[in-house]
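Listed here are the chains, written in short residue letters.
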Amino acid sequence: MIIEKHKGKDGVMVYIVDKNMTDTEADKLKGTELKRSMIKFIIKEDADVYNKDNLLLLRFRKNAIGKKNTDMFYDNVKEFAQNITTNRGIASGSEKKKGNKEKVKIMANILGYMDGFSPSQKIAMKQKDLMTKLNVRESRFNIAFPDKWEKAQPLIRDIDRLYKKYCPGHYRKQRAKADETFYRIKDTAFTTITVNINFKTHVHQDKGDDTDGFGNLVVIEGEGSYTGSETCFPQYGIGVDVRTGDVAFMNVHEWHANLPLKLKTKDSKRMAIVSYLRTKIWEKTKGLTKKRVRDHDDKVRKLSGSDPRPKTPRRTVKQKGKSKKTKKQQNKRRKNKTKRSWLI
């Protein structure tokens, strides 16, 4: 619930909120569907939201991201993002009750890097004698669609730039960790991107991402249109309506979920993009050499018969140019040496 609001120095509305239920009551919401009656206020304009202890809960900026990179990301990722998975546990409502074995089918996929292998991958690794102690890998999207992955990254760098601008403290700590591993998305503080299509999350707290960082949420309204699916914090009774071009930085370690999503046509699509750093990826790979990383990735790629990771062409060209120049210099030195010897 909102206990205070005022305009900040930059003219942005600042909200101070307090919990409208105890932590014990909030814990009982785990895995349940979010009810609209729990949310008293939806933010639709630029805003900063703090709890009563002056800790940032949410920072929201409208129209902060340009159309070009947004469209390029959507066009290159939408097909892959519609693959079906059952691997989202509490967020999908699959683990609502203890012992519930039901698996909810959703469209939620990973770009960037992941920690852990699937059971089928582990079996294949054993059969092909490709076992590895490094429990980290490239996502299937990176390997199967390198050109599309390259075209998706400008939007990710836009998000990174805004993260640095609007949450510098959280960004600085997260970027310091990202810079310690080659398993980071180039020039960003992120290791991993989760892309959801029409996925109405149940009440959950994000697990496995950097506790010093924030979740970065961007939404792309694809074909058709929809209503609802606002991202909310039920314990505080507040939510935010993120649309195309907007960005929200949020404390994903608080209970959060989406309100019901209503598609106006069967083809309507809401793509939610969450950028973050996986703690285990950082812990397992910080300090590894580039050669160690490449050798590991090439081993994992053999599971699917994929080509090894390509080396950077630009670096190869520089090396060739340098060696040619060095050879010319060496020949010139030899000639000069010969002349001096003859003169002596």
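That block above? That's the structure.
All of these numbers come straight from a predicted model, not from anything done at the bench.

Some details on the packing of helix α2 (residues 67-81) against helix α6 (residues 146-166)
Turning to step 1, where the next piece is worked out: At their nearest, the axes of α2 and α6 sit 8 Å apart, and the two run at 135° to each other. In this view, α2 runs oblique relative to α6, as classed from their interaxial angle. When you trace α2 past α6, the crossing you get is left-handed. Together, N69, T70, M72, F73, N76, V77 and E79 of α2 and K148, K151, A152, P154, L155, I156 and D158 of α6 make up the contact between the two elements.
Turning to step 2, where the next piece is worked out: Of the residues in the contact of α2 with α6, the class split is 7 nonpolar, 3 polar and 4 charged.

Digging into the sheet that holds strand β14 (residues 257-258)
Turning to step 1, where the next piece is worked out: Overall, mixed pairing links the 4 strands, which are arranged β3-β12-β11-β14 in an open sheet. Edge positions in the sheet fall to β3 (41-43) and β14, since each of these pairs with one other strand and no more.

Topic: the sheet that holds strand β1 (residues 2-7)
Turning to step 1, where the next piece is worked out: Strand order in this open sheet of 10 strands is β1-β2-β4-β5-β13-β9-β16-β8-β6-β7, and the pairing throughout is mixed. Looking at the sheet topology across the chains shown, the edges are occupied by β1 and β7 (136-138). Taken pair by pair, the neighbouring strands of this sheet meet at an average axis angle of 20°, ignoring direction.
Turning to step 2, where the next piece is worked out: Lying on the sheet, α6 is in contact with β5 (56-61), β6 (107-115), β8 (192-197), β9 (215-221), β13 (247-250) and β16 (270-276); it crosses β13 at an angle near 60°.

Comments concerning the packing of α6 against helix α7 (residues 168-178)
For any two helices packed against each other, the geometry is given by the interaxial angle and the distance between the axes.
Turning to step 1, where the next piece is worked out: The N-to-C vectors of α6 and α7 enclose an angle of 125°; their axes lie 5 Å apart at closest approach. It follows from the interaxial angle that α6 and α7 lie oblique. Together, D160, Y163, K164, K165 and Y166 of α6 and P168, H170, Y171, Q174 and R175 of α7 make up the contact between the two elements.
Turning to step 2, where the next piece is worked out: Tallied by class, the residues present in the contact of α6 with α7 amount to 4 nonpolar, 2 polar and 4 charged.

Quick look at the packing of aromatic side chains
Turning to step 1, where the next piece is worked out: Applying the stated criterion to the full structure yields 10 aromatic pairs.
Turning to step 2, where the next piece is worked out: Centre to centre, the rings of Y113 and Y183 are 5.4 Å apart; their planes meet at 85°, and the pair counts as edge-to-face. One end of the pair, Y113, is in strand β6; the other, Y183, is in the loop between α7 and β8, and 70 residues separate them in sequence. We note that Y113, like Y183, is buried.
Turning to step 3, where the next piece is worked out: Taken together, a centroid distance of 5.7 Å and an interplanar angle of 40° make the contact between F141 and F145 tilted.
Turning to step 4, where the next piece is worked out: Owing to a relative accessible area of 31%, F145 belongs among the partly exposed residues under this scheme.
Turning to step 5, where the next piece is worked out: Within the aromatic cluster, the residues linked to one another by ring pairs are Y163, Y166, Y171, F190 and F249.
Turning to step 6, where the next piece is worked out: Sitting over the ring of F145, K148 keeps its end group 5.3 Å from the ring centre.

What counts, and at which threshold
- Residues numbered from 1 in each chain as written.
- Predicted model: local features only at pLDDT ≥ 70, side-chain atom pairs only at ≥ 80, totals over all residues.
- Heavy atoms only, no water.
- Axes fitted to C-alpha atoms, helices over the stretch in contact; angles between N-to-C directions.
- Helix = DSSP H or I, 4+ residues; strand = E, 2+ residues; numbered from the N terminus.
- Parallel < 35°, antiparallel > 145°, perpendicular 65-115°, else oblique.
- Left-handed = near helix turned anticlockwise from the far one by under 90°.
- Contact = heavy atoms within 4.5 Å.
- Nonpolar A, V, L, I, M, F, W, Y, C, P; charged D, E, K, R; others polar.
- Pairing = 2+ DSSP bridges.
- Phe/Tyr/Trp six-rings, centres within 6.5 Å; stacked < 30°, edge-to-face > 60°.
- Buried < 20%, exposed > 50% of the residue type's maximum accessible area, 1.4 Å probe, protein only.
- Lys NZ or Arg CZ within 6 Å of the ring centre and 35° of its normal.

Everything listed here is a matter of coordinates, which is why it stays silent on function.
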